[in-house]
Amino acid sequence: MINPLDLYAKIESLIGFDEQYETLYQTYLALLKSLHVKTILDVGCGNGKFLKHLHREQFEACGIDRSAAMVERAIAIGVRASTKELDEFESESFECVVAIADVLNYISLSELESFLEAVARVLPKEGYFVCDINTLYGFEGVAEGVMCQDKGDQFLCVDATFSNKELLTKIVLFEKEGEFYRKEEGIITQYFHALSFFKKLKAFKLCSTKSVTLFGDEPDKTILVLQKR
């Protein structure tokens, strides 16, 4: 079974949602400008499109992602990206860290605190971590369900089920090779995190939240602005 992150990289163009991501990016940019930060690390930078926005706005930014395929795409559009881990950076390297579009929801609750500690290490005191989490509606009303895309030489099926605060997404991709189709499949798990968890962190204080509606009629994401204690 293919690495789920690399499989997602393959299907990204089939899923779309460019307009919704652009709305999210602009919301983040406005928040970052209000914080008056200069150096930014984008954790889970994906294809690098948000890094491109940051560079256009004169931020000093780089990104990391665990998908080598995504990092290649980011580098191809002229931004700085790598597959480095957070612990490979020196302490207090950035004024701000961002994690955009579900990054935290890919981290289980048991691993989330250690991830936040790793983020805090690369920030100075009073540095910022800006991120987003899916609301319950984001899981139950938006993400759950079945989606299929048929592009002739590619056929994609995504089947997502939300239960016990976990979203299990099964991905099946068929790609035409000559007269036949090659099948690739993977499973991605995402986790619901309650806002109350972020109000009790040792390393950060929760400064503000912002509700965002990208799909449907009610907020499906909450952006958090956290400041290192």
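Up top is the structure these notes are about.
Note that the structure is a prediction, hence the values are computed from the model and not measured. (Residues numbered from 1 in each chain as written. Predicted model: local features only at pLDDT ≥ 70, side-chain atom pairs only at ≥ 80, totals over all residues. Heavy atoms only, no water.)

**Considering the overall build of the protein**
- Scanning the protein from N- to C-terminus turns up seven helices and eleven strands.
- Over its C-alpha trace the protein gives a radius of gyration of 18 Å, about what one expects of a compact globule, namely 17 Å for 229 residues.
- Taken along its principal axes, the extent of the C-alpha atoms in the protein is 60 × 40 × 30 Å.
- With 229 residues in all, the protein has 46% of them scored as buried.
- Looking at the protein alone, contacts between residues at least 24 apart form 63% of all its contacts between residues at least 6 apart.
- For the protein, the accessible surface area stands at approximately 11700 Å², while carbon and sulfur atoms represent 48% of it.
- Charge separation in the protein, taken as the distance between the mean sites of 26 positive and 36 negative side-chain charges, equals 5 Å. (Helix = DSSP H or I, 4+ residues; strand = E, 2+ residues; numbered from the N terminus. Rg over C-alpha atoms; globule rule 2.2 N^0.38 Å. Buried < 20%, exposed > 50% of the residue type's maximum accessible area, 1.4 Å probe, protein only. Contact = heavy atoms within 4.5 Å. Areas by Shrake-Rupley, 256 points an atom, 1.4 Å probe, with all protein chains shown as cover. Lys, Arg positive; Asp, Glu negative; His and termini not counted. Charge placed at Lys NZ, Arg CZ, Asp CG, Glu CD.)

**Some details on unusual backbone geometry**
- A positive phi is found at Gln58, a non-glycine position, where the angle reads about 70°.
- Residue position: Gln58 is located in the loop between α3 (49–56) and β2 (60–64).
- By relative accessible area, which is 56% here, Gln58 ends up exposed.

**Concerning the packing of helix α1 (residues 4–15) against helix α4 (residues 68–76)**
- One can describe the packing of α1 onto α4 by two numbers: an axis separation of 7 Å at closest approach and a directional angle of 50°. Considering their axes alone, α1 and α4 lie oblique with respect to each other. Taking contact as the criterion, the partners of Asp6, Tyr8, Ala9, Lys10 and Glu12 in α1 are, on α4, Ala68, Ala69, Met70 and Arg73.
- Counted by class, the contact of α1 with α4 contains five nonpolar, no polar and four charged residues. (Axes fitted to C-alpha atoms, helices over the stretch in contact; angles between N-to-C directions. Parallel < 35°, antiparallel > 145°, perpendicular 65-115°, else oblique. Nonpolar A, V, L, I, M, F, W, Y, C, P; charged D, E, K, R; others polar.)

**A few points about the pattern of salt bridges**
- Applying the stated criterion to the full structure yields twelve salt bridges.
- Close ionic contact of Glu175 with Lys10 constitutes a salt bridge, the shortest N to O distance being 2.8 Å. Residue Glu175 is located in strand β8 (residues 166–177), and its partner Lys10 is located in helix α1; the two are separated by 165 residues in the primary sequence.
- Glu175 gets classed as buried once you look at its relative accessible area, which sits at 14%.
- The partner of Lys10 in a salt bridge is Glu184, with the nearest N and O atoms 2.7 Å apart. Taken as a pair, Lys10 in helix α1 and Glu184 in strand β9 (residues 180–191) lie far apart in primary sequence, 174 residues in all. (Salt bridge = Lys/Arg side-chain N within 4 Å of Asp/Glu carboxyl O.)

**Topic: α4**
- Among the residues of α4, Met70, Val71 and Ala74 are the ones counted as buried. Within α4, the buried residues cover an arc of 100° as seen down the axis, which keeps them to one side. Turned more than 90 degrees off the buried face of α4, the exposed positions are Glu72 and Ala76.
- Looking at the buried positions of α4, the neighbouring elements they touch are α1 and β3 (81–82).
- Positive backbone phi, approximately 90°, marks Gly78, located one or two places after α4. (Arc of directions from axis to C-beta.)

**A closer look at the nonpolar core**
- In this structure, Leu32, Ile40, Phe50, Leu54 and Val130 are the most contacted members of the largest nonpolar core, which totals 29 residues.
- Every element with two or more residues in this core is listed here: α2 (18–35), α3, α4, β4 (96–99), β5 (128–134) and β11 (221–228).
- If you tally residues by element for this core, the top one is α2, at seven residues.
- Not counting the four nearest positions on each side in its chain, Leu54 is found in contact with Leu29, Leu32, Ile40, Phe59 and Ala61. (Core = buried A, V, L, I, M, F, W, Y, C linked by side-chain atoms within 4.5 Å.)

**Structural notes on the environment of Lys49**
- Within the secondary structure layout, Lys49 lies in helix α3.
- When the C-alpha positions of Lys49 and Tyr25 are compared, they lie 8.9 Å apart, and in sequence the two are 24 residues distant.
- Beyond its immediate sequence surroundings of up to four residues, Lys49 is in contact with Asp18, Tyr25 and Ile77.

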